[in-house]
Amino acid sequence: MALDPDLAARLKRNDDGLFTAVAQERDTGTVLMVAWMDDTALERTLATRRATYYSRSRQEYWVKGETSGHTQYVHDARLDCDGDTVLLVVDQVGAACHTGNHSCFDTASLPFADAR
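The residue numbering used here restarts from 1 in each chain and proceeds along that chain's sequence as written. Per-residue local features are limited, in this predicted model, to residues with pLDDT of at least 70; the limit for side-chain atom pairs, both in listing and counting, is 80 or more; totals at the level of whole chains, interfaces and linings are taken over all residues. Neither water nor hydrogens contribute to the side-chain values; these are computed over all heavy atoms in the structure.

A. Just the side chain of Glu25, in detail. For Glu25, the location among the structural elements is in strand E1 (residues 19-25). Think of it in three bands: with a 1.4 Å probe and only protein chains considered, a residue is buried below 20% of the maximum accessible area for its type, exposed above 50%, and partly exposed in between. The positive count covers Lys and Arg only, the negative count covers Asp and Glu only, and His and the chain ends enter neither. For this analysis, a salt bridge means a side-chain nitrogen from Lys or Arg found within 4 Å of a carboxyl oxygen belonging to Asp or Glu. No salt bridge is formed by the buried Glu25; the nearest opposite charge belongs to Arg26, separated by 9.1 Å. Any N or O atom pair separated by 3.5 Å or less is treated as a polar contact, with the protein-specific requirement of one donor-capable and one acceptor-capable atom, and with residues adjacent in sequence counted only for side-chain atom pairs. Of the polar contacts made by the side chain of Glu25, one reaches the side chain of His102; its length is 3.1 Å. With sequence-adjacent residues up to four places away left out, Glu25 is seen in contact with Thr30, Leu32, Val90, Gln92 and His102. Helix numbering and strand numbering both begin at the N terminus, where a helix is a DSSP run of H or I of at least 4 residues and a strand a DSSP run of E of at least 2. Contact between two residues is taken to exist if any of their heavy atoms lie within 4.5 Å; hydrogens are not considered.

If you want it as structure tokens, here you go:
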């Protein structure tokens, strides 16, 4: 099965054929993680509802939770207005971050130069 041609035509990819994917928790709205996808990863995600990403360092596909058990079941997938980012609205089981945190953004806020 191939990615829908109309969707494929709307996607804007980088020079490596990749685009950004953001995983957001359905119940809380929490941004869980950011990863990379290509057409195949997105097609697999849409076909299975299991978040599938592309690892640039390993140069292979990976299904979130396949080895850790920390799965992402995809309820909705949206393409942003520029066509270069996909938002996955997911149910997260376990930690989303490889550090063991629920979110990759469970860190301290960055300091601003001045107060408003």
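B. Representation of the packing of aromatic side chains within the structure. Two aromatic rings, drawn from Phe, Tyr or Trp (for Trp, its six-membered ring), form a pair once their centres lie within 6.5 Å of each other, and the interplanar angle then sorts them: stacked below 30 degrees, edge-to-face above 60, tilted otherwise. Inspection of the entire model under this criterion finds two aromatic pairs. Ring plane angle 45° and centroid distance 5.0 Å describe the contact between Tyr53 and Trp62, whose orientation is recorded as tilted. Given the relative accessible area of 24%, Trp62 is considered partly exposed. Between the aromatic rings of Tyr54 and Tyr61, the centroid separation amounts to 5.2 Å while the plane-to-plane angle is 70°, which identifies the pairing as edge-to-face. In this analysis the charged atom, NZ for Lys or CZ for Arg, is taken to sit over a ring once it is within 6 Å of the ring centre and within 35 degrees of the ring normal. The ring of Tyr61 has Arg44 sitting right over it, with the charged end atom 4.4 Å from the ring centre.

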